[in-house]
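Structural features, examined
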Amino acid sequence: MRPLLLRLDHFGSFRDPVEVDFSDVDYFALTGPTGAGKSTIIDALCFALYGTVPRWGRENVIAHALAPSVAAGKVALLFESDGRRYGVVRALVRDGKGTVRTKEARIDELAGGAPLDEAWEAVVRPLAEGEHVTAEVQRVTGLEYRFFTQCVVLPQGRFAEFLHAAPRERQDLLVQLLDADVYEAIRQRAVREEETARSAASLARDQLAKLSGATAELEAELAERLSALRRLAGTLDADLDLLRAREADIRRATQERAAVVERQAALAGPRMPDGVETLATARRAAAEAAASLLDQVAALEADEHAADEALAALGGRDRPQAALAALDSRDRLTAQAESARAQARSAAESLASLRSALQDADSAMAEAERLRDRLRDAHAAADLASRLAPGDPCPVCLRPVDSPRAAGRPEQTRDGRTGHAHPGSGPAARAPGAAEIRAAEGALAAARKEAERARTAYAKAETSAGLYSTQVAKLEAELAALPPAVDRAAAEGRLAAITKAEEVAAEARAAARSARSRLRQAQTDAERADQRAAEAWRTLETARDRLLALGSHDDPPPPLARDDLHRAWTDLLAWRDRAARAAAAALAERDEALAVAGAGLSRERARLAERLREHQVPLPGEGTPDQLGAAVAGEVARVESRLERVREARERAAELAEEAAGKEHAAKVAHELALRLRANAFERWLCAEALDVLVTTASGLLKELSDGQYELALSDRTEIEVIDHAEAGLRRSARTLSGGETFQAALALALALSDAVARGLDSIFLDEGFGTLDPATLDTVATTLERLAAGQERMVGVVTHVPALAERVPVRFEVSRDAKGSHVRKAGL
């Protein structure tokens, strides 16, 4: 398998579409810093082929193929295998729940000569889709997934351990590297095969035991009985024909008897309906009753019409009722108006007294306010005088105060002007106390409350007087709008006459309605009587038609008397009775003939049954000719079938005996194989043989890689030794090799394993850690890789982040990574 072109679109750390062209390179390196995405390219190649990657753990895990923020991705690989070109594509998608699943997978065979940019369209034939792609890849490459991961990406580190390991450890490593545990699987399979073979042998023996009764004696006995039954069958036909003739006679007699019985049943069927005797009288009575009621209805309907006309002549109730209602309204409004006038007058009178009380309350409140103001002024003057000294200006007249006792008190001066008393001008005034002021204020509050109460009462009285006046005016207007007064006695008399006329009309309507109801019932009864008569005639006609088919030309049923239903029925039933007696006599004759024929049939059947018992043929229940013939034929078939089964059982017994012997032999072989594979010596022998082949192949490869300096060999103690031809063929332990020499030897062992597991592999990738090698060792590694690439027809790829090694590779795919993801660029020397 040789890759040609790899396409990545949103795979792993590669967020943008990328193409890696391997078509023109044989030796290349994937370079770049750690974490740039070098190994992701190898992962993409592996995923395109097998749908999984070794670094992801389990083979069915694909979630790591897409970054968490990516919804879809795609990987496509163009490769060659055995001279043919193929294209494999796998597309991934993340669903609404975040689960990554494979949306598309397919592999196609492509035209070999097409350019790479057109190769995807040059499909020769589709090979597989979906889950079948991996199996098809294994078929066209010849590599299973586990061998691909061992041989394309070589496990050199394990072979370095292999070189230096002790024999027991080397055996364990070899078992793992060569997948030698398959022999344990073979041993387990041999154990299962042994169990399966023993179970099959036991089952065959059990089945053989069940066939022990199939003997040669039984086969001979059945063959002899079969010959006797066939002879009986050959002579039985004449007896069965005679028996069938007897049965035919009985069937004819039975049919004739059944016809007589059927005639008897038909004759017993006709029956005169109930009430035929009185039906004519009932019809006449119903018709007369209907005619009488029809006259009554006519008379009562005339009375009803006359009462309705008398009521219409009186007119309706509306006018006298309206006149009486107007009279009632006039009386009611007159009384209401008189009451409203009286209330209006009373309100006017109370309004005058309330107006006088309101005036008195306002006067009392004004006087209380004046008294309160005088007391407040006197109290303020006394307080001011107590705080003035002689000579201070008076706050009222601004003149100097002679004596504070009279400061602020106005009085008449000598020049005739009003002024204030000064010291020595008059007697001292007494200042009112706080209690007098509070009493005055309380009297003022009481006067105000009384005035407010009087004002409220006056307002209510004034409003009531207005309402009563308005009500009086409204009632007087309603009285004026009423129609002129009428005579109450005349209106009431007219209403009484109308009521009487209504009662008479209602009685007339009820009587007419009752008569009409009785008339309808009488008409219904008459119709029902007619229907019963018609039905009785139809029944009679039907009965006569049925009996007519049973009568003879000599004695047919009598004709119907159309004028009298009862007599017609009586004549027909009398004829029926005579015919029934004749049918009873015919039935007795048929019964006697059947008894004679049945006795003859029983004798013939008993004779034939005795012959069948002699040949051990089971007798059927009824023993008809067909049943007896079928019993003989069935017994022949049963004996034939049993004879065939015995012969088959004998053949099957021979086959089972042979099968049991074969399975027992197979169980012994599987048991012996399991015992030999269980021994530890087998594993040691197997590993020793594999190690010898592996070291021999690796020795030739190492000699080529080391330019003829080194070869490998096994010591007597199965230690791996190096033959150094630069030291005259000196043999020394592989533990003494330097770092570069160890790499060469490990690489030779890896290539030997690759050739052993997958011969014809066209490409390998070395994903080995080279960063810890010293310059001299690194130079040896680089030289070895150059010889490997030049000396064999295979593609060699190296994954490394060591610049010194990458620079010696002719073609480099430089891998870098930034915030947008990984990128790859092809570069060469």
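Residues numbered from 1 in each chain as written. Predicted model: local features only at pLDDT ≥ 70, side-chain atom pairs only at ≥ 80, totals over all residues. Heavy atoms only, no water.

Considering the overall build of the protein
We count it as follows: By definition, any uninterrupted DSSP run of H or I lasting at least four residues is a helix, any uninterrupted run of E lasting at least two residues is a strand, and each is numbered from the N terminus. Throughout this description, buried means an accessible area under 20% of the type-specific maximum (1.4 Å probe, protein chains only), exposed means over 50%, and partly exposed covers the range between. It only takes one pair of heavy atoms within 4.5 Å for two residues to be counted as in contact.
Looking only at helices and strands, one finds 19 helices and 16 strands in the protein. Looking at the protein residue by residue over its 829 residues, the buried ones come to 37%. Counting only contacts in the protein whose residues sit at least 6 apart along the sequence, the fraction spanning at least 24 positions is 67%.

Notes on the sheet that holds strand 10 (residues 710-714)
What counts, and what does not: Only when DSSP finds a minimum of two bridges between them are two strands counted as paired. Note on geometry: axes are lines fitted to C-alpha atoms, helical ones only across the stretch in contact, with angles between N-to-C directions running from 0 to 180 degrees.
With respect to topology, three strands assemble into an open sheet ordered 10-11-12, the strand pairing being antiparallel. Looking at which strands have only one partner, the edges of the open sheet turn out to be strand 10 and strand 12 (730-733). Averaged over all pairs of adjacent strands, the angle between their axes in this sheet comes to 35 degrees, without regard to strand direction. Of the pairings in the sheet, the one linking strand 10 to strand 11 (residues 720-724) comprises five bridges and is antiparallel in character. Note on strand 11: the bridge partner recorded for Tyr710 is Asp724.

Section: a nonpolar patch on the surface
Stated precisely, the cut-off is as follows: Patch membership requires more than 30% relative accessible area and the absence of a salt bridge. Residues of like charge join within 9 Å; the nonpolar side chains Val, Leu, Ile, Met, Phe, Trp and Tyr join within 5 Å. Working definition of accessibility: Shrake-Rupley area with a 1.4 Å probe, residue cover restricted to the visible protein chains. In what follows, salt bridge is the name for a side-chain nitrogen of Lys or Arg lying within 4 Å of a carboxyl oxygen of Asp or Glu.
Together, Val182, Tyr183, Ile186 and Leu673 line one region of the surface with nonpolar side chains, adding up to about 290 Å² of accessible area. Ranked by residue count, the leading element in the nonpolar patch is helix 7 (residues 182-210), at three residues. For Val182, a relative accessible area of 38% corresponds to the partly exposed category.

A short note on the pattern of salt bridges
Using the criterion set out here, one finds 32 salt bridges in the structure. Where Arg590 meets Glu256, a salt bridge forms, and the shortest distance between an N and an O atom there is 3.5 Å. Of this pair, Arg590 sits in helix 14 (residues 565-614) while Glu256 sits in helix 9 (residues 237-268), placing them 334 residues apart in sequence. Residue Glu256 is classed as partly exposed on the basis of its relative accessible area of 43%. The closest approach of N and O atoms between Arg590 and Glu589, which form a salt bridge, is 3.8 Å. By relative accessible area, which is 54% here, Glu589 ends up exposed. Look at the salt bridges and you will find they share partners, linking Arg84, Glu109 and Arg125 into a network.

Section: the side chain of Glu109
On the secondary structure map, Glu109 appears in strand 6 (residues 100-110). In this structure, Glu109 is in contact with Arg84, Arg85, Tyr86, Ala122, Val123, Val124, Arg125 and Leu127, ignoring residues within four places of it in sequence.

Observations concerning the nonpolar core
Spelled out, the test is: For the purposes of this section, nonpolar cores are sets of buried Ala, Val, Leu, Ile, Met, Phe, Trp, Tyr and Cys residues that join through side-chain atoms within 4.5 Å.
One finds Leu6, Phe28, Leu49, Phe79 and Ile107 to be the most contacted residues of the largest nonpolar core, which totals 51 residues. The element contributing the most residues to this core is helix 1 (residues 38-50), with nine residues. Those residues in contact with Leu49, other than ones at most four positions away along the chain, are Met1, Leu77, Phe79, Val88, Arg90, Thr134, Val137 and Phe148. Within the second largest apolar cluster, 37 residues are counted, among which are Ala29, Leu163, Val695 and Leu788.

Observations concerning the sheet that holds strand 7 (residues 123-129)
Taking strand neighbours across the sheet as the criterion, the six strands line up as 2-1-4-5-6-7 in an open arrangement whose pairing is antiparallel. This sheet does not close on itself; its edge strands, each paired only once, are strand 2 (18-21) and strand 7. With direction set aside, neighbouring strand axes in the sheet form an average angle of 15 degrees. Examined bridge by bridge, strand 1 (residues 2-9) and strand 4 (residues 72-81) share seven bridges and lie antiparallel to one another. Across the sheet, the residue bridging to Arg7 is Ala76, located in strand 4.

Topic: helix 8 (residues 216-235)
Counted only if it meets this: Here, expected helix span is obtained from the residue count minus one, scaled by 1.5 Å.
Here helix 8 contains 20 residues, and its C-alpha end-to-end distance of 30 Å stays within 8% of the 28 Å for a straight helix at 1.5 Å per residue. For helix 8, the complete set of buried residues consists of Leu218, Glu219, Leu222, Leu226, Ala228, Leu229 and Leu232.

Points about unusual backbone geometry
At His10, a position not held by glycine, the phi torsion is positive, near 60 degrees. Tracing the sequence through the fold places His10 in the loop between strand 1 and strand 2. Look at His10 and you get partly exposed, because its relative accessible area is 28%. The phi torsion at Asp82 lies on the positive side, around 55 degrees, for a residue other than glycine. Tracing the backbone through its elements, the reader meets Asp82 in the loop between strand 4 and strand 5 (84-94).

Focus: the confidence of the model for the protein
Cut-off, in case you're wondering: Scored from 0 to 100, pLDDT records how confident the predictor is in each individual residue.
Within the protein, residue pLDDT values average 79, and 87% of them lie at 70 or more. Here residues 406-416 is a poorly scored stretch, pLDDT under 50, and it has 28 contacts once near neighbours within four places are set aside; other chains count. Here residues 422-429 scores under 50 on pLDDT; set against residues more than four positions off or in separate chains, the count is 18 contacts.

Digging into the pairing of strand 15 (residues 811-818)
One ladder, built from four bridges, connects strand 3 (residues 27-31) with strand 15; its direction is parallel. Note that in strand 15 the partner of Thr31 across the bridge is Glu814. The pairing of strand 15 with strand 16 (residues 821-828) spans eight bridges and is classified as antiparallel. For Arg817, the partnering residue across the bridge sits in strand 16 and is Ser822. Adjacent in sequence and paired antiparallel, strand 15 and strand 16 are bridged by two residues.

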